[in-house]
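Notes for the structure review
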Amino acid sequence: MVRQGQERDLLAQRSARRRAATTLTVAGDKSITHRALLCALIQDGPLEISGANLGGAVSALFGPMAMLGRPVSTTPNGVRVGDAAAGTRPVLDVGGSSAAARMLIGVLAGQGRKAIVDGSPQLRARPFSWVVDPLRELGASISYLGPEGGLPVSIGSGVYRPGRVRLSVGSAQARSAVLMAAVAARLPVEIEYPVLSRDHTERLLSWMGADIVRDGGTRLRYGGGSLRPVGSIAIPGDPSLAAYPVAAALVSEQVESLTIADVCLNSTRTGIFDVLIRAGVGIRYEAVREDYGESVGNVVVQGGLDGAVPVEVADAFTFHSLIDEVPLLASLATCIRGTSTIGPAHELTFKETDRIVTTAAMTAAFGGQLVTAAGSLSVTGGGPIAAATVDSFGDHRIAMSAATLGCRFHDRTTVVAGGCHRTSFPGFAEALNHAGGEVREA
Ligand code: S3P
């Protein structure tokens, strides 16, 4: 049988050869690319997005954007959003991307555009009340066409009531959807939220001229008013992707030093690096600057995990700043002597897979000791672990974390259906091959 794309296995082992100091870049930030595309729906005129992430989760938006009259074409260094005729009451299928679906619902509710938003069977089962409830509070008419709380949803009319909404979850997608709806409708809105998670939407819209005032860590106000037209934007490297070669360098110890250049260093995203730095790991930031409203710089890593103390993630801000890196952090913790704890992590239940369950299964396959209790993960590291055959469960973060841990061993690790890394990380194997690993698709 010829296996293609997502279904292909990933094979990973430690490189036999030690590398000199190496610099590389990773694909553009997925979250900022999603937001830039969706902002193109709100503003008039073409938008050039250089450095765009072109993984499956982002390209899932291209079909819906074309149906909404904003076709996306690839350019030598990113994408261009143009203009075309829009469909009436289109059915917009965003595949498996929750970020695309939730924020798109926000934009459509802001514009009062009639449309149906749908996605893959896995996405249909994920929670959409996080977005639909606050948009309904602002007056939007949105109905569930299937089971209550899931996709598909039909947007009938838009938000029109100014006011305050209080979000029940820390999800950045939920907060972004409400903010995008407000900005698209020019509707003054105050949003309260339980914890500050990634804040790219606020930064991008402010950079585009939106009147957004942030009050402490858990409240923001948008005052109405329009955006200035923007012709181009550059997307920095994705810290959630940079984390894999950084981790591969740490577990393989086969590279003198590794620099990942031009990475987004927004502190709502750099949790994995920050907790590792606190644990004594040799990671530092260099050449930090501001670009398009985001902090950008280089991540440099040297050495391994031998002298590190256990990592601890105990508060909601830190958890959200590494929410997508929990499987990777858990696999690193299997190499750190002592017990590392990551929690409260119950929101992982709602990811592409139940990532508390799949992270536990992935680390157990290598012989790691992970226990879960009350939504937290405890990993006791330093015991014997070895190369393994590991299921990806079709989840890109599990696949990439397993292949990265596989770079520790001379024996080969097989990540079954590890090709799902394409969802977010074009160039994954090449990046790990610069970081002391030997990774390829079967
Ligand atoms: C994302 C937010 C997070 C994250 C996801 C991307 C975003 O999800 O896990 O990969 O782009 O806003 P939640 O908002 O559901 O926490």
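Refer to the preceding data block for the structure.
This text gives an overview of the structure that appears in the document. (Residues numbered from 1 in each chain as written. Predicted model: local features only at pLDDT ≥ 70, side-chain atom pairs only at ≥ 80, totals over all residues. Heavy atoms only, no water.)

**Let's talk about the site of the ligand**
Worth spelling out the cut-off: For this description, a residue counts as near a given molecule or strand if any of its non-hydrogen atoms is within 4 Å of it. In the analysis that follows, any N or O atom pair within 3.5 Å is treated as a polar contact, provided that within protein one partner can donate a hydrogen and the other can accept it, and provided that, for residues neighboring in sequence, both atoms belong to side chains. Note on areas: Shrake-Rupley, 1.4 Å probe, and residue coverage restricted to the protein chains presented here. Think of it this way: any DSSP run of H or I at least four residues long counts as a helix, any run of E at least two long counts as a strand, and we number them from the N terminus. Residue type decides the class: Asp, Glu, Lys and Arg count as charged, Ala, Val, Leu, Ile, Met, Phe, Trp, Tyr, Cys and Pro as nonpolar, and the leftover types, Gly among them, as polar. Residue ranges for the domains trace back to a domain assignment, done automatically or taken from a database.
As a matter of local geometry, the ligand sits amid 13 residues, with Ser-31, Arg-35, Ser-171, Asp-324 and Lys-351 nearest to it. Here an oxygen atom of the ligand and a side-chain polar atom of Lys-351 are 2.7 Å apart. Burial of the ligand by the surrounding chains reaches 95%, relative to a free accessible area of 380 Å². Mapped by element, the contributors of at least two residues to the shell around the ligand are helix H1 (30-42), helix H4 (98-111) and helix H7 (172-185). Here the shell around the ligand takes three residues from H1, the largest share from any one element. In terms of residue class, the shell around the ligand is built from four nonpolar, three polar and six charged. Counting residues domain by domain, the shell around the ligand receives three or more from each of domain 1 (10-28 + 236-441) and domain 2 (30-234).

**Some points on the packing of helix H13 (residues 355-365) against helix H14 (residues 396-406)**
The condition that has to hold: Interaxial angle, 0 to 180 degrees, is taken between N-to-C directions of lines fitted to C-alpha atoms, where a helix line uses only the stretch in contact. For this classification, under 35 degrees means roughly parallel, over 145 means roughly antiparallel, 65 to 115 means roughly perpendicular, and everything else is oblique. Handedness of a crossing follows from how the near helix is turned relative to the far one, being left-handed for an anticlockwise turn of less than a right angle and right-handed for a clockwise one. By definition in these notes, contact holds between two residues if any of their heavy atoms fall within 4.5 Å.
Where H13 meets H14, the closest approach of the two axes is 10 Å, and the angle between their N-to-C directions is 20°. Taken together, the axis directions place H13 and H14 in an arrangement best described as roughly parallel. Every pair of crossing elements has a handedness; the one defined by H13 and H14 is right-handed. The residues of H14 that touch H13, namely those facing Arg-355, Thr-358, Thr-359 and Met-362, are His-396, Arg-397, Ile-398, Ser-401 and Ala-402.

**Here we look at the nonpolar core**
Definition in use: In this text, buried Ala, Val, Leu, Ile, Met, Phe, Trp, Tyr and Cys residues form a nonpolar core when linked through side-chain atoms within 4.5 Å. Remark: exposure states derive from per-residue accessible area (1.4 Å probe, protein chains only) relative to the maximum for the residue type, with buried under 20%, exposed over 50%, and partly exposed in between.
By size, the foremost hydrophobic cluster in this structure holds 75 residues, and its most contacted members are Leu-37, Ile-49, Leu-104, Ile-105 and Val-117. Residue contacts for Ile-105: discarding those within four places in its chain leaves Val-117, Phe-128, Val-131, Leu-135, Ile-142, Leu-151, Val-153 and Ile-155. Counting residues in each nonpolar core, the second largest holds 73 residues, with Leu-10, Ile-283, Leu-332 and Phe-428 among its members.

**Details of the packing of helix H12 (residues 326-333) against H14**
As a packed pair, H12 and H14 sit with axes 8 Å apart at the nearest point and diverge in direction by 25°. By the angle between their directions, the pair H12 and H14 is classed as roughly parallel. Here H12 runs over H14; the crossing is right-handed. In this structure, H12 contributes Pro-327, Leu-328 and Ser-331 to the contact, and H14 contributes Arg-397, Ile-398, Ser-401, Thr-404 and Leu-405.

**What about the pattern of salt bridges?**
Inclusion rule: Salt bridge criterion: a side-chain nitrogen from Lys or Arg within 4 Å of a carboxyl oxygen from Asp or Glu.
According to the stated counting rule, one finds 27 salt bridges in the structure shown. Between Arg-166 and Glu-192 there is a salt bridge, and its shortest N-O distance comes to 2.9 Å. Highlighted residues: Arg-166 in strand S10 (residues 163-166) and Glu-192 in strand S11 (residues 189-192), separated in sequence by 26 residues. We note a salt bridge from Arg-214 to Asp-199, for which the minimum N-O separation is 2.7 Å. Taken together, the residues span a long stretch of sequence, with Arg-214 in strand S12 (residues 212-214) and Asp-199 in the loop between S11 and helix H8 (200-207) at a distance of 15 residues. On the basis of relative accessibility, which here comes to 35%, the residue Arg-214 falls in the partly exposed class.

**A closer look at the packing of aromatic side chains**
Put simply, the test is: Within 6.5 Å between ring centres, the rings of Phe, Tyr and Trp (the latter by its six-membered ring) count as paired, and their orientation is classed by plane angle as stacked under 30 degrees, edge-to-face over 60, tilted in between.
Considering all chains together, one arrives at six aromatic pairs under this definition. Here the aromatic rings of Trp-207 and Tyr-292 are separated by 5.0 Å at their centres, their planes lie at 65°, and the arrangement is edge-to-face. In this pair, Trp-207 is assigned in helix H8 and Tyr-292 in the loop between strand S16 (283-291) and strand S17 (294-301), connecting sequence segments 85 residues apart. Residue classification places Tyr-292 among the partly exposed residues on the basis of a relative accessible area of 28%. Note on Phe-366 and Phe-409: the rings are 6.1 Å apart at their centroids and 25° apart in plane angle, and the pair reads as stacked. Taken together, the positions of Phe-366 in the loop between H13 and strand S20 (369-373) and Phe-409 in the loop between H14 and strand S23 (413-416) put the pair 43 residues apart, joining distant regions of the chain.

**What about the state of the cysteines?**
By definition, a disulfide links the sulfur atoms of two cysteine residues through a covalent bond. This is how the line gets drawn: The term disulfide is used for any two cysteine sulfur atoms that are within 2.5 Å.
As enumerated under the stated definition, the model contains zero disulfides in all. Cysteine Cys-39 shares no disulfide, and the gap to the nearest cysteine sulfur, in Cys-264, comes to 15 Å. On the accessibility criterion, Cys-39 (1% relative accessible area) is buried. Owing to a relative accessible area of 0%, Cys-264 belongs among the buried residues under this scheme.

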